[in-house]
Each structure stands twice: as structure tokens, then as C-alpha cells.
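Overview (structure and organization)
So the chains spell out like this:
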Amino acid sequence: MSVAIVGLGAVSALGASVPALRDAIFEGRHGIGPITRFDVSPFAPVRLGGCVTLEGSCFDWAARAAKEAWADAAPGPVEPARVAVVAGTTEGEAHDLVGLADAVAEAVGARGPRLTISTACTSSANAIGLGADLLERGDADLVVAGGAERLFAEMLAGFFRLGVLAAEPCAPFGETRGTTLGEGAGFVVLAREGARPWAHLHGYGLASDAWHETSPEPRGGGIARATGGALADAGWAPGDVDHVNAHATGTAANDDAEHRGLRAALGDRVDAIPITGSKGHLGHAQGAAGALELFASLVAAREGAVPPTLRVGAGRPGGPADPVRGERPRPHRVSRLLASSSAFGGANVMLAVGDAPSDHERPARPVYLAGRGRVAFAAGAPRDEDRLRADVDLRQTDPASRLALAATRAALDDAGVRIRGALRDRAGIFCGADHVSPASSAAFQASVEDLGLAKASAPAFARLVLHAPGGAVSRLLSLRGPTTTLCDPALGGLLAFAYAAD
């Protein structure tokens, strides 16, 4: 697989364009400051965010970023039906997820396939990978892919209750522990070739931690498997990698696990690679994070450099040997880089990006439908919970997760397949959904009304991502392979089926 990244567009805490993002990084400036859009006094001492100063909705930012990417690509005449959109987001605008792809399609005049990925903080990275798949399949001639997210009070409340926010600007891989939330939009235009592309997407990997709703697997197993998948997809060896833009939230759990996972996948080579964490510039832009952080490396690489990791200081024990200390980009030739993203529900994505086309081809393999399972209840009828019981701990699940688990187990039983041993690392789950769990949404809102934002329910918040049922099933059944969730009001399950087959 080799797909050209021919256009970039960004709205971020660093400004409302890619040149603004580039200038801030090269001038040593960051975009983290006091949140003023809503009252943050309940969250004291947390008051900072990587906020966009441009007025408008999440959809407005996405449309602006997509238009910039389209103008940057300058594709010339193209049949609208051959232009696809793949958008990624956690919450969209007012919980409208698919509206994001609609806004982007309208902005660039796209009338081809229109898909939405919602895997929390890996959404935009996964969207870029799926966009490349559409080109490789011949389903489109151009793809606009990326993601967008807007920070709001309930989102800040959830992360505050999880205890992962820092009072000071976050310091990826640094001595200060905790993250800073951000927002924005980042989109690319993908094509099979380009006159002067930013880079080429050689491959990507997906993997599940199968560990916890919000915390990463401590040994970094999901990151390691996603990295191995990206290397195999790209046809790379660990020694080919010369830069990593890490997810690096600044929390102890994420940064430590991520570095362990990179070491497991890359071996001792990891000590010779400059590893950047860009959230010190941008904040954690969640559904837009993967795209915007990739851009930080691409704008630097175009000028023969890698971006710095702000505020890393002396670093922390067990962290990267070279976290690119300082405030300005460092001269470094980048030929092949990895861009990492991780998310609630244990989802991990790794993009493999090179400076030249690749002739590596994916092998063709037969795909079989081996089993199927269905669990349904008549509308308005009482739910028979006995049908949803299982020999696993269901205390940390909601009805949506229990339904998904029951259907998955029915399909595995129908196929006569038992997931155990080494197969766990090669067994994945692809989901389709329309909306987040009504039960968890109601529980979170009730906790806000009864206790206030600062004491909202952390468990309910953790399940307010569309990927939560898929993450729960992967955890309960130890499915540690590729995982994702697509959002569509009518076709989500069918789209997931097709994506899984690919």
C-alpha cells in the first residue's frame, strides 16, 4: 500500500491553518492557555486547555480544515462521486457524529462514500488509514480523511473525575504528570499519486489492549501489536523507522506503557529514534489528535527536522532515550515515521508514513463467514437478562456492552471457535453503532444533575464513547487484535462487516 498525502488542513490551538501550526512549532510557541468558553471553576486547580480561538462549531472547523486541505492538494477536475470522506470524532457536535462527515463532504463537494469512525482519541488516525483502504480498493479516486473535536464542560468533567488532568500545561514524557485537553480539526487529502505530496502512507495497524475502559495495558501490548501491524502492512523492518510521533498524553500510565510497547515492537532500535510528543503544543485534541499530531511531524520533516517535545525537562525513568528536548525543531532527516494514537476502550492505531512511494503490496487472502450470532428483543418488551449472562465479570458493563457480548459469543459458538492462546493476539472485533449507550448517557447526566460537574460519574463517562461496547467485548473475551467502530444510522453493522473483511 502506498497512498500520497497531497493536502493538509488544520484548525488547532496553534491557529486556523497549517502555516499557523508550522510557524508556532518553529517559533517555539504553544497553544495552551486558560479555558474561557465555559466556567471551569468547578475543576480547580485545572483551568487550562489547548483551545481554538476561531468562532464556530466542530463542524465549522472541520469544513474549514477540509477546504484548506483541498486547496493545498489542488486536485483539478474530479468527478464528485469519486471523492470519498472518512471523518473521525468522539462526540461530534452536540453528539451528532455522522454530521461531521456531511459537513466535510459539503465543504469540498464530495459525493462518494461517506464514513464515520468513532474510536475516541484514535478516530482521526483510523479515519486516515481507512481512507487509504478506499483508494486501494478502487472505491474512490480522492479521499478527504481526518477528524474534529470541540471541548465542552461535560467532557472536561469526565477527564477531571478520572484524575488525569494537569494543573499546568502537560509535559509529554516529562516530570510533570497529567494531560491537558485540547480541540480542533485536521484533515488530509489522499490520492494515489501527487506532484509534490507531503508524504506517503505506507500502512497502518489497529489493535486492542483488551485491558481496561480508560487505562492502557501497562506493558504496552496494544501499542506493540498496532506497531507490528503497521510495520507488516508497510513492509518495514524496525530499523527502517527514523522518527516516532507518540500519543504521549503526559500521564504516567499512558507514557510509560506507550514506551514499553514501542520497545517491544522496535527492540533496541527505539533508543536511537527521536520520539516526539506534540500534546505540549496542541493539548489533547481527542478525535482530532492523531491527524494534528501527524501534521506536526510532517511540517517539520518537510524542512528536514523533527518537532520538539515541550517541557520534557530531564524526562522520567523508563522514558524515551531521545524525546527531542528543547523548544525548537531539531535538524533530522525523516524518511520513515510512525504516528501513534491510543484511546478509551483500549483502541490503538499506528500509521506508517514515508517520504517516497512504496511498491509493497498486501497479500490477497480468502475470507470466510464462519459463524453468526443475533440477540434481539421486541421493542417495548422487557429484556430477558438471563440471555445476556456470561461466565465473565459483567459488573463494569452496561446493557449495550452485554448485548454486544452475547451476540459475539453466539457467533463464536456458531463458528465452533474458541479464542485462547496465541489466537487472542490475532482475533479482533469490528463494530457498527448509531449512538452511545442510552443507559450510560442517562447515568452520566443524572450524576451531573445530582452531584454537579466536578463529581460526575467517571464510570458512566468512560462508556460515553461509541467504541465502549467493542472495547468491553475485546476485554471480556481477550480479543487483542484489530478493533474499530463505525457510526451510521442504518448501515453501521454492514460497514463494520465489510471493513473487517478487508
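Quick look at the structure, then. Predicted model only: the values in this text are computed from it and were never measured.

Definitions and cut-offs
For every chain, the first residue of its written sequence is number 1, and the numbers climb from 1 along that sequence. Only residues with pLDDT of at least 70 get local features here, since the model is predicted, and only at 80 or more are side-chain atom pairs given and counted; chain-wide, interface and lining totals rely on the full set of residues. Excluded from the side-chain calculation are hydrogens and water; included are all heavy atoms of the structure. To sort residues, take the accessible area from a 1.4 Å probe on protein chains only and compare it with the maximum for the residue type: under 20% means buried, over 50% means exposed, and anything in between is partly exposed. We count a stretch as a helix when DSSP gives it H or I for four or more residues in a row; a strand needs E for two or more, and each element gets its number in order from the N terminus. The contact rule is simple, with two residues in contact once any of their heavy atoms fall within 4.5 Å. For Phe, Tyr and Trp, where Trp contributes only its six-membered ring, two rings pair if their centres lie within 6.5 Å, and the inter-plane angle classes them as stacked under 30 degrees, edge-to-face over 60, or tilted in between. By the criterion adopted, a ring carries a charge over it if an Arg CZ or a Lys NZ lies within 6 Å of its centre and within 35 degrees of its normal. As used in this record, nonpolar core signifies buried Ala, Val, Leu, Ile, Met, Phe, Trp, Tyr and Cys residues forming a set joined through side-chain atoms within 4.5 Å. For salt bridges, the criterion is a side-chain nitrogen of Lys or Arg within 4 Å of an Asp or Glu carboxyl oxygen.

Take helix α13 (residues 468-477) next. Every α-helix carries 3.6 residues per turn, so stepping three or four residues along brings you back to the same face. Across the 10 residues of α13, 10 count as buried, placing the element largely inside the fold. Residues of α13 that are buried: A468, P469, G470, G471, A472, V473, S474, R475, L476 and L477. Taken together, the buried residues of α13 touch β8 (199-208), α10 (399-415), β15 (429-433) and α12 (458-462). Backbone geometry just after α13 places S478 at a positive phi near 60°.

Attention now moves to the packing of aromatic side chains. A full pass over the atoms with the stated rule returns 6 aromatic pairs. With a centroid separation of 5.1 Å and 85° between ring planes, the pair formed by F430 and Y499 is classed as edge-to-face. Separated by 69 residues along the polypeptide, F430 in strand β15 and Y499 in helix α14 (residues 492-501) bring together distant segments of the chain. In this structure F430 comes out as partly exposed when scored by relative accessible area, which is 21%. On the numbers, 5.9 Å between centres and 40° between planes, the contact of F444 with F461 is tilted. With F444 in helix α11 (residues 438-451) and F461 in helix α12, the pair connects residues that are 17 residues apart, well separated along the chain. Each member of the pair F444 and F461 is classed as buried. The ring of F26 carries R22 above its face, with NZ or CZ at 4.1 Å from the centroid.

With 52 residues, the main nonpolar core has V86, V143, L351 and V353 as its most contacted residues. Among the elements that make up this core, the one with the highest residue count is helix α9 (residues 289-301) (8 residues). With residues up to four places along the chain from it excluded, the contact list for L351 reads A125, I128, G129, L201, G203, Y204, L294, L337, L338 and A339. By size, the runner-up hydrophobic cluster in this structure holds 30 residues, among which are V83, V85, V189 and A191.

We now examine unusual backbone geometry. Cis geometry marks the peptide bond from A44 to P45, where omega comes out at 10°. Mapping P45 onto the fold places it in the loop between β2 (33-34) and β3 (48-49). Here A74, not a glycine, exhibits a phi torsion of approximately 45°, which is positive. Tracing the sequence through the fold places A74 in the loop between α2 (58-73) and β4 (83-88). The residue V324 is not glycine, and still its phi comes out positive at about 55°. You can see V324 is positioned in the loop between β11 (305-306) and β12 (330-331).

Right, let's get into the pattern of salt bridges. Enumeration according to the criterion identifies 25 salt bridges in this entry. The residue D425 makes a salt bridge to R225 at a minimum N-O spacing of 3.8 Å. One end of the pair, D425, is in the loop between α10 and β15; the other, R225, is in helix α6 (residues 221-234), with 200 residues separating them in the sequence. A relative accessible area of 34% means that D425 is categorised as partly exposed. Judged by its relative accessible area of 22%, R225 falls in the partly exposed class. D268 is the salt-bridge partner of R263, the closest N and O atoms lying 3.8 Å from each other. Assessed through its relative accessible area of 65%, D268 is described here as exposed.

Read these as spatial facts, not as claims about activity.
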